[in-house]
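Architecture at a glance
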Amino acid sequence: FSPVPKPASKLSKCPMPVSSAGVEELVRLATTRGEGLQRIFSCLVLDSGGAYQQGPRKEPKRILEKAKEYGDVSKVVDVERGTGSYDSLKDMHVAILRLRSLES
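Let me sum up the structure you'll find in this document. Residue numbers restart at each chain and count upward from 1, following the sequence in its written direction. Side-chain atom pairs in this predicted model are given and counted only at pLDDT of 80 or more, local residue features only at pLDDT of at least 70, and totals for whole chains, interfaces and linings cover all residues. Side-chain metrics in this entry use all non-hydrogen atoms of the structure; hydrogen atoms and water are not considered.

A few words on the environment of E65. Comment: elements are numbered from the N terminus, with helices defined as DSSP H or I runs of at least four residues and strands as E runs of at least two. With respect to the helices, strands and loops of the structure, E65 is situated in helix α3 (residues 60-70). When the C-alpha atoms of E65 and V18 are compared, they prove to be 9.3 Å apart, with 47 residues separating the residues in sequence.

So, in structure tokens, the structure goes:
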């Protein structure tokens, strides 16, 4: 595990305009893909010994606020949210390793 984040240039592969249209597109993507994303993270957490609680979807008004702050709607990456809880660092470490393996 390396705590060094990826360079910012690699984070945004598809810039989206800071506009209500960009926010609507991001919400549309979350609506159509959110269930699958939640399922992936739920399985990752549960399979590594944790408990998973799905969070609320970020509201369009808040997405627009964050997009203006970041300068790009595609940098708002927490539209779908959830929390993984662990009783041991070992189990949490297993989840982090599995999550990191998805990068390749």
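Let's pick the thread back up.
So, on to the packing of helix α2 (residues 20-47) against α3. Here the axes come from fitting lines to C-alpha atoms, over the contacting stretch only for helices, and the angles between their N-to-C directions go from 0 to 180 degrees. Packing of α2 against α3 leaves a shortest axis separation of 10 Å and a crossing angle of 120°. Considering the angle they form, α2 stands oblique to α3. Handedness of the crossing formed by α2 with α3: right-handed. From α2, V23, L26 and V27 reach across to α3, where they touch P60, I63 and L64. Its residues placed into classes, the contact of α2 with α3 shows six nonpolar, no polar and no charged. Angle categories: roughly parallel below 35 degrees, roughly antiparallel above 145, roughly perpendicular from 65 to 115, and oblique for all the rest. Here is the rule for handedness: rotate from the far helix to the near one, and if that takes an anticlockwise turn smaller than a right angle the crossing is left-handed, while a clockwise turn gives right-handed. The criterion used for residue contact is that any of the two residues' heavy atoms lie within 4.5 Å. Side-chain classes follow a simple rule in which Ala, Val, Leu, Ile, Met, Phe, Trp, Tyr, Cys and Pro form the nonpolar group, Asp, Glu, Lys and Arg form the charged group, and the remainder, Gly included, forms the polar group.

Attention now goes to α3. The periodicity of an α-helix, 3.6 residues per turn, causes residues three or four positions apart to be oriented the same way. Each residue is assigned to one of three classes by its accessible area relative to the maximum for its type, calculated with a 1.4 Å probe on protein chains only: buried under 20%, partly exposed between the two thresholds, exposed over 50%. For α3, the full list of buried residues reads I63, K66 and A67. The buried residues of α3 occupy an angular sector of 105° when the element is viewed end-on, so they sit on one face. For α3, exposure combined with an orientation more than 90 degrees from the buried face picks out K61, K68 and E69. The secondary structure elements touched by the buried residues of α3 are α2. Positioned one or two residues after α3, G71 has a phi angle of 85°, which is positive. The arc in question is formed by the directions pointing from the helix axis toward the C-beta atoms.

On their own, these measurements won't tell you what the molecule is for.
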